[in-house]
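Report on the structure
Chain residues, written in single-letter form:
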Amino acid sequence: MLFSEVAECFAKVEATASRLEMSAQAAELLKKCEKEEVKPLIYIIEGNVAPSHEGLDIGIGEKFAIRAISQTSGYTEKAVLAEYKKSGDLGSAAENLLSKKSQMSLASSPNTLSKAYSSFVKIAQMSGAGSQESKVSLLSELLNGAKPVEARYLIRFCLGKLRLGIGDPSIIDALSMMKHDDKTDSQTILRAFNLCSDLGEVAEYYIAGKDLSHFSTQPFKPIRPALAERLSNAEEIMNKLGKCAVEAKYDGLRMQVHVREGRVDIYSRKLEKMTHMFPEITQAASKLKIKSAIFEGEALAYNAKEKKYYSFQQTMQRKRKYGIEGMAKEFPLRLFVFDLMYLNGKDMTLEKYSKRRKSLEKLFSKTEPLVPSELIYTDNPKKLDIYFTDLIGQGLEGIIAKDLSQPYVAGARKFAWIKLKKSYGALADTVDIVIIGYYLGKGQRQEFEFGGLLAAVLNDETDEFETIAKIGSGFSEDEMQSFEKMLDEIKVKDKPKGVNSKLTPDFWVKPKYVITVAADEITLSPMHTAGMVGETGYALRFPRMMSLRDDKGPEDITTTKEIIEMFEMQKK
Ligand code: ATP
């Protein structure tokens, strides 16, 4: 397939707001692909050359993209920069300049999808001295064979800014639609994706006609994490689950550890590789007497002298201060393992919790610093309450109750796990929301130019970010300064695609940074679009910033559905 066909489809996708329509457009494109083109095309639509856990980022610097545009269009770099300033988008600048050129000269041989993809991979893999120049010449070569509309997407892709507004759920629907014209297979495709986080691989498998219901987990393909629902109290939990496992909830860093024949990799909650950051965990995992395993736990730093655990925030602060080696020595981590998803070649995700737990306890019996999470089994709400209070007294966050008969529910928030946390004000939980804009300071704050944030939750049915709070408090002066700097770098001219807002901040930003916010309660509001029906949406009352959540991306934030559930819980 020609890359120009891909670009023309992208232009259509970009111009549509309907999620279903976007999937239909992508389905049409997928239908035109040769079998071997499907995987690369899926990665390209995702804006990447490979699944993000492989860490292969394309990232050409703007300066070098400008040079490539200049070389192919015949305009000076200064002229390219001036065109860029006009539109604020280097992709559109390239399109405009190349359209002027194409009237004068004939393009060289056209780019195929395969050629474009293999150049993207080469660009992503190049590093070291002289690599930027080689990247520029590869990009120039692609631009030479490009129609103007192709140039728009080649440039955006190479800058890591494709942002078509079509997320993984819509791509999954597109795959199903290419076979059935509807979402018949979407759930089966989603399940396979949740087990390996590699949509390209799943698509290839699906298109080859293989049965996705037999798709299973494999080491070094991270599993999308299981998530916990909320209920208000012990009684409700017991009514829902009956006799269950009540585990301590550690406020640490979630880790998914993959092991096979001595090789170890550790993935974060966002499924990014972070193996080299935790040498003590890697070493302990490599010594396990097994062939292969995937397990998950919460890591906390431990101060042996004071017999004290540190929270996630404190752990991260110490890590920055002491560096990786220093941290491993001074404050060794302990990983509280709470699930086992794969063992010696066997996919354990379909096994019941009780069976997984039995294998987990057997495996981690003398394996410090890898230890099983603490738990009790009970069907008595009073016992749960006593245990909860005891854990809070030890400085922990609360409990997670687990249904003994449920499998590991990858990538979904289900009642297989139910969390109960110590409360922060009247609201039973903090929320994680994404920053979509910011305001300038007034009065005293003017010197920092930063006056507060506009933040949103995710409506996972429409794939839109809906505003829920303006946050003006909870920031230290240092934080205000660093926010101003961080947000300044991701400022965008107009409201980003996929953002639903009635408010207009002083500056819009690309939805990227996630913050944890505490509030007094959830109220109804005519200003915010979260869960809006008619004129009324939901808002956070007295929101205060608690921390920046580096381990969550915008797709992992609190959803509108969760906000509505929390609002209903609060009424009780
Ligand atoms: P979520 O992960 O549900 O989106 P979150 O990251 O803000 O939300 P919480 O809502 O506080 O975290 O609770 C769920 C998290 O608790 C899990 O993601 C995991 O990192 C952590 N956790 C701590 N102890 C356990 C445990 N024993 N079992 C499962 N998860 C645990």
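Residues numbered from 1 in each chain as written. Predicted model: local features only at pLDDT ≥ 70, side-chain atom pairs only at ≥ 80, totals over all residues. Heavy atoms only, no water.

Some words on the pairing of strand 3 (residues 253-260)
Judged by how many residues are buried, strand 3 sits mostly within the fold: 7 of 8 residues are covered. Sheet analysis places strand 3 next to strand 5 (residues 292-303), joined by 8 bridges and oriented antiparallel. Across the sheet, residue valine 257 finds its bridge partner in strand 5, namely phenylalanine 295. Of the strand pairs in this sheet, strand 3 and strand 4 (residues 263-267) are connected by 5 bridges, and their pairing is antiparallel. Across the sheet, residue valine 259 finds its bridge partner in strand 4, namely valine 264. Between strand 3 and strand 4, which pair antiparallel in sequence order, lie 2 residues; one of them, glutamate 261, sits at a positive phi of approximately 40°. (Buried < 20%, exposed > 50% of the residue type's maximum accessible area, 1.4 Å probe, protein only. Helix = DSSP H or I, 4+ residues; strand = E, 2+ residues; numbered from the N terminus. Pairing = 2+ DSSP bridges.)

Remarks on the site of the ligand
Inspection of the region around the ligand gives 18 residues, with Lys249, Arg269, Glu298, Lys419 and Arg549 positioned closest. Taking lysine 552, its side chain carries an N or O atom lying 3.0 Å from an oxygen atom of the ligand. Computed on the free molecule, the ligand has an accessible area of 590 Å², of which 94% lies beneath the protein chains in the complex. Of all elements in the fold, only strand 2 (244-249), strand 11 (398-403) and strand 12 (413-421) reach the threshold of two or more residues within the shell around the ligand. (Near = heavy atom within 4 Å. Polar contact = N/O pair within 3.5 Å; in protein donor to acceptor, adjacent residues only side chain to side chain. Areas by Shrake-Rupley, 256 points an atom, 1.4 Å probe, with all protein chains shown as cover.)

Digging into the nonpolar core
Formed by 88 residues in total, the largest nonpolar core has its most connected members in Phe10, Leu90, Phe120, Ile155 and Leu175. Discounting residues that sit within four places of it in the chain, leucine 175 has contacts with Leu30, Ile42, Ile189, Leu199, Ala203, Tyr206 and Ile207. Counting residues in hydrophobic clusters, the runner-up holds 32 residues, among them Val257, Val259, Phe295 and Phe312. (Core = buried A, V, L, I, M, F, W, Y, C linked by side-chain atoms within 4.5 Å. Contact = heavy atoms within 4.5 Å.)

Considering helix 16 (residues 353-363)
Inspection of helix 16 places Tyr353, Arg356, Arg357, Leu360 and Leu363 among the buried residues, and these make up the whole buried set. The buried side chains of helix 16 occupy one side of the element, clustering within an arc of 125° when seen end-on. Counted as exposed and oriented over 90 degrees from the buried face of helix 16: Lys358 and Lys362. Against the buried residues of helix 16 lie strand 2, strand 7 (333-343), strand 9 (370-372), strand 10 (375-378) and strand 11. (Arc of directions from axis to C-beta.)

What about the domain arrangement of the protein chain?
Taken domain by domain, the protein chain consists of domain 1 (48-159), domain 2 (227-421) and domain 3 (431-571). Relative to domain 3, the C-alpha centre of domain 1 lies at a distance of 34 Å. (Domains from an automatic or database assignment.)

Points about unusual backbone geometry
Following glutamate 368, the chain continues into proline 369 via a peptide bond in cis, with omega recorded as 0°. Within the secondary structure, proline 369 is located in the loop between helix 16 and strand 9. Residue arginine 163 is not a glycine yet carries a positive backbone phi of 35°. Along the polypeptide, arginine 163 turns up in the loop between helix 9 (148-158) and helix 10 (168-180). By relative accessible area, which is 44% here, arginine 163 ends up partly exposed. Phi at phenylalanine 542 takes a positive value of approximately 50°, unusual for a residue other than glycine. Within the secondary structure layout, phenylalanine 542 lies in the loop between strand 21 (537-541) and strand 22 (544-548).

Here we look at the sheet that holds strand 10
Strand order across the open sheet formed by 5 strands is 1-12-11-2-10, with mixed pairing between neighbours. One side of each edge strand has no neighbouring strand; the edge strands of this open sheet are strand 1 (227-230) and strand 10. Shown here is a sheet whose adjacent strand axes are inclined to one another by a mean of 35°, direction ignored. Bridge count for strand 1 against strand 12 is 4 bridges, and the pairing is parallel. Of the residues in strand 12, the one forming a bridge with arginine 230 is lysine 419. The sheet strands contacting helix 13 (residues 234-241) are strand 2, strand 10, strand 11 and strand 12, and the helix crosses strand 12 at an angle near 160°. (Axes fitted to C-alpha atoms, helices over the stretch in contact; angles between N-to-C directions.)

Structural notes on the environment of aspartate 198
Structurally, aspartate 198 is set in the loop between helix 11 (186-196) and helix 12 (199-207). Aspartate 198 sits in the buried class, given a relative accessible area of 1%. Through-space distance from the C-alpha of aspartate 198 to that of serine 52 is 8.5 Å; in sequence the pair is 146 residues apart. Setting aside anything within four residues of it in sequence, one finds aspartate 198 in contact with Tyr43, Pro51, His53, Phe193 and Lys221. Here the side chain of aspartate 198 touches glycine 200 through a polar contact of 3.2 Å, landing on its backbone nitrogen.

Considering the packing of aromatic side chains
Inspection of every chain in the model, using the stated rule, returns 11 aromatic pairs. Seen in terms of ring centroids, phenylalanine 295 and phenylalanine 364 are 4.8 Å apart; in terms of plane orientation they differ by 65°. Their pairing is edge-to-face. Residue phenylalanine 295 is found in strand 5, and its partner phenylalanine 364 is found in the loop between helix 16 and strand 9; the two are separated by 69 residues along the sequence. The burial state of phenylalanine 295 is the same as that of phenylalanine 364; both residues are buried. Ring pairs connect the aromatic residues Phe3, Phe120 and Phe157, which therefore count as one cluster. One Lys or Arg, lysine 470, reaches over the ring of tyrosine 439 and ends 4.7 Å from the middle of that ring. (Phe/Tyr/Trp six-rings, centres within 6.5 Å; stacked < 30°, edge-to-face > 60°. Lys NZ or Arg CZ within 6 Å of the ring centre and 35° of its normal.)

With respect to the packing of helix 10 against helix 12
Two packed helices can be described by the angle between their axes and the distance between those axes. Between helix 10 and helix 12, whose axes approach to 11 Å, the crossing angle comes to 10°. Accordingly, the angle class assigned to the pair helix 10 and helix 12 is roughly parallel. Contact with helix 10, carried on its side by Asp168, Ile171, Ile172, Leu175, Ser176, Met178, Lys179 and His180, involves Leu199, Ala203, Tyr206 and Ile207 of helix 12 and no other residues of that element. Taken together, the residues of the contact of helix 10 with helix 12 break down into 8 nonpolar, 2 polar and 2 charged. (Parallel < 35°, antiparallel > 145°, perpendicular 65-115°, else oblique. Nonpolar A, V, L, I, M, F, W, Y, C, P; charged D, E, K, R; others polar.)

What to know about the environment of alanine 24
Tracing the sequence through the fold places alanine 24 in helix 2 (residues 19-32). For the pair alanine 24 and serine 134, spaced 110 residues apart in sequence, the C-alpha to C-alpha distance is 37 Å.

Structural notes on helix 10
Over its 13 residues, helix 10 extends 18 Å from the first C-alpha to the last, a length consistent with the 18 Å expected when each residue adds 1.5 Å. Within helix 10 the residues assigned to the buried category are Ser170, Ile171, Ile172, Asp173, Ala174, Leu175, Ser176, Met177 and Met178. Buried residues belonging to helix 10 abut helix 2, helix 3 (38-46), helix 11 and helix 12. Looking one or two places after helix 10, you find aspartate 181, whose phi comes out positive at around 65°. (Expected span 1.5 Å × (residues − 1).)

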